[in-house]
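Letter by letter, the chains look like this.
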Amino acid sequence: MIYTILIIIGIILDRISKSYAISHFIENPVYGKLINLIYVENKGAAFGILQNKRIFFIILTLVVVIYLLYYFIRNMKSNPNLLNLSLSLIVSGALGNFYDRLFHGFVVDFIEFSFFSFPVFNVADILVTVGSVLLIIFIIFGKMDGEDHVSSNRK
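Residues numbered from 1 in each chain as written. Predicted model: local features only at pLDDT ≥ 70, side-chain atom pairs only at ≥ 80, totals over all residues. Heavy atoms only, no water.

Taking an unreviewed UniProt entry as the reference, the chain is identified by name as Lipoprotein signal peptidase belonging to Anaerococcus hydrogenalis ACS-025-V-Sch4. The chain has a UniProt comment under Pathway (unreviewed entry) that states "Protein modification; lipoprotein biosynthesis (signal peptide cleavage)." We quote the UniProt Function (unreviewed entry) comment for the chain here in full: "This protein specifically catalyzes the removal of signal peptides from prolipoproteins." (UniProt positions renumbered as here; feature names shortened; annotations may be inferred.)

Peer 1: Would you mind showing me how to read the packing of helix α2 (residues 54-75) against helix α3 (residues 81-104) here?
Peer 2: What describes two packed helices is the angle between their axes and the distance between those same axes. Where α2 contacts α3, the two axes come as close as 10 Å, and the packing angle between them is 150 degrees. Taken together, the axes of α2 and α3 are roughly antiparallel relative to one another. Read as a crossing pair, α2 and α3 show a hand that is left-handed. Where α2 abuts α3, its residues Arg 54, Phe 57, Ile 58, Thr 61, Leu 62, Val 65, Leu 68, Leu 69, Tyr 71 and Phe 72 lie against Leu 83, Asn 84, Leu 87, Ser 88, Ile 90, Val 91, Ala 94, Leu 95, Phe 98, Arg 101, Leu 102 and Phe 103. Of the residues that constitute the contact of α2 with α3, the class distribution is 17 nonpolar, 3 polar and 2 charged. (Axes fitted to C-alpha atoms, helices over the stretch in contact; angles between N-to-C directions. Helix = DSSP H or I, 4+ residues; strand = E, 2+ residues; numbered from the N terminus. Parallel < 35°, antiparallel > 145°, perpendicular 65-115°, else oblique. Left-handed = near helix turned anticlockwise from the far one by under 90°. Contact = heavy atoms within 4.5 Å. Nonpolar A, V, L, I, M, F, W, Y, C, P; charged D, E, K, R; others polar.)

Peer 1: What am I meant to see in the pairing of strand β3 (residues 107-113) here?
Peer 2: Moving residue by residue along a regular strand, the side chains alternate between the two faces of the sheet. Within β3, 5 of the 7 residues are buried, which leaves it mostly tucked inside the rest of the structure. Relative to β3, strand β2 (residues 35-42) runs antiparallel, the two being bridged by 6 bridges. For Asn 42, the partnering residue across the bridge sits in β3 and is Val 107. (Buried < 20%, exposed > 50% of the residue type's maximum accessible area, 1.4 Å probe, protein only. Pairing = 2+ DSSP bridges.)

Peer 1: So what exactly am I meant to see when it comes to the packing of aromatic side chains here?
Peer 2: Describing an aromatic ring pair means giving the distance of the ring centres and the angle of the ring planes. For the coordinates displayed, the defined rule picks out 11 aromatic pairs. Judged by centre distance (5.8 Å) and plane angle (65 degrees), the ring pair of Phe 113 and Phe 118 falls under edge-to-face. On the basis of an interplanar angle of 85 degrees and a centroid distance of 6.2 Å, the ring pair of Phe 118 and Phe 121 is categorised as edge-to-face. By relative accessible area, Phe 118 is classed as partly exposed at 36%. (Phe/Tyr/Trp six-rings, centres within 6.5 Å; stacked < 30°, edge-to-face > 60°.)

In structure tokens:
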């Protein structure tokens, strides 16, 4: 249940932050020493690749999210907490950006580092990134139930 709540909270935070960005940063971007808050319409994927491939991203996101949810629901009770947490964050972020692509035709990005060049991103991107880092940590160091060795020793 906690992971379902986490997914819902992530989606809500993403929607609220994007709505705020739309209503405030289009006309009045905020420039700071560490972070700029600006409005960008991203019609591609990470780093702006594959621009204007909306249908491709909608189908890909549906396939990945359906699979992750199937795996997550089927194995939630036996999965280690770190794996469940990482999958919850990834699904939450993926659904946040999916909503944008489906209803707007682009993803709203608004967070930009001001001290070095990096693509503009949003809360959903943060959720996917943190979830992916946790998943990598789990793959390298985690144990599945009943295993004696860390997962990196699997064959």
